[in-house]
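# Examination of the molecular architecture
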Amino acid sequence: MTGQLTHHDRKLLAAVATADVMAAAGRMIARPWRANLSLAEQLAMSIALEAAQAALIEARLLLAALDLPERGREAADLKAHAVETQMHRLRAALAVLDGNATEQETDDAGSHS
């Protein structure tokens with residue numbers, strides 16, 4: 001994918017990678033009309049918000065898995081599998097938010113559903 005990007009796209013992505021999202025958010029909250037966020041900071045905040053939403057969805061699905069009934073061996077096995085899968089997916093989503101996820105981790109999380 002990187003080969004299809006222009007020089008300007010690559011520069012923007014490099015700036016996004018170094019943007020301090022929390023500092024930008026703090027400036028935006030403190031002075032919304034004068035925050036003066038760069039395009040890279042705006043894009044980094046959007047990416048972070050999308051990642052947070054993904055983690056929220058995985059957390060809700062984990063809660064739903066925890067609420068599954070356990071009566072009978074088949075139901076208990078299904079619940080155990082659902083909980084394990086959602087724990088793995090939530091850990092991967094949180095790793096993205098922390099900036100610690102590898103591409104392999106996020107790919108693996110998607111393959112456990």
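Everything that follows concerns the structure shown earlier in this document.
Every chain begins its residue count from 1, and numbering advances along the sequence as written. Local features in this predicted model are restricted to residues of pLDDT 70 or higher, and side-chain atom pairs are both shown and tallied only at a pLDDT of 80 or more, whereas totals for entire chains, interfaces and linings draw on every residue. As a rule here, side-chain values cover all heavy atoms of the structure and leave hydrogens and water aside.

## Things to note about the packing of helix H2 (residues 21–30) against helix H3 (residues 39–66)
A fitted line through C-alpha atoms represents every axis, and for helices the fit uses only the stretch in contact; the resulting angles, taken between N-to-C directions, go from 0 to 180 degrees. Labels follow the DSSP assignment, with helices taken as runs of H or I lasting at least four residues and strands as runs of E lasting at least two, numbered in each case from the N terminus. Packing of H2 against H3 brings their axes to within 9 Å, and their N-to-C directions diverge by 105°. Relative to H3, the element H2 is oriented roughly perpendicular. Contacts between H2 and H3 pair Val21, Ala24, Ala25 and Arg27 from the former with Glu41, Ala44, Met45 and Ala48 from the latter. In this classification, Asp, Glu, Lys and Arg are treated as charged, Ala, Val, Leu, Ile, Met, Phe, Trp, Tyr, Cys and Pro as nonpolar, and every other residue, Gly included, as polar. Looking at the contact of H2 with H3, its residues break down into six nonpolar, no polar and two charged. By the definition adopted for this analysis, an angle is roughly parallel if under 35 degrees, roughly antiparallel if over 145, roughly perpendicular if from 65 to 115, and oblique otherwise. Whether two residues are in contact is decided by their heavy atoms: any pair within 4.5 Å suffices.

## Digging into the side chain of lysine 79
For lysine 79, the position within the fold is in helix H4 (residues 73–98). Since its relative accessible area comes to 12%, lysine 79 is described here as buried. Side chain to side chain, lysine 79 and glutamate 70 meet in a polar contact 2.8 Å long. Once you skip the residues sitting within four places of it in the chain, lysine 79 turns out to touch Ala65, Leu66, Leu68, Pro69 and Glu70. Only protein chains enter the accessibility calculation, which uses a 1.4 Å probe; a residue whose area is less than 20% of its type maximum is buried, one above 50% is exposed, and one in between is partly exposed. For this analysis, a polar contact is any N or O atom pair within 3.5 Å, provided that within protein one partner can donate a hydrogen and the other can accept it, and provided that sequence-adjacent residues contribute only side-chain to side-chain pairs.

## A closer look at the nonpolar core
What is meant by a nonpolar core is a set of buried Ala, Val, Leu, Ile, Met, Phe, Trp, Tyr and Cys residues, joined one to another through side-chain atoms within 4.5 Å. Counting five residues, the largest nonpolar core consists of Leu62, Ala65, Ala82, Val83 and Leu90. For this core, the secondary-structure elements that each account for two or more residues are H3 and H4. By residue number, the principal contributor to this core is H4, which donates three residues. Not counting residues within four places of it along the chain, the set of residues in contact with alanine 82 comprises Ala65 and Leu68.

## A few points about the pattern of salt bridges
The salt bridge definition used is simple: a Lys or Arg side-chain nitrogen within 4 Å of an Asp or Glu carboxyl oxygen. In this structure the tally under the stated criterion is four salt bridges. Across the pair arginine 27 and glutamate 41 runs a salt bridge, and its minimum N-O distance is 2.7 Å. Pair noted here: arginine 27 is in helix H2 and glutamate 41 is in helix H3, with a separation of 14 residues, a long-range link. Look at arginine 27 and you get partly exposed, because its relative accessible area is 33%. Classification of glutamate 41 as buried rests on a relative accessible area of 15%. Residue lysine 79 is joined to glutamate 70 by a salt bridge in which the shortest nitrogen-to-oxygen separation is 2.8 Å. With a relative accessible area of 52%, glutamate 70 lands in the exposed category.

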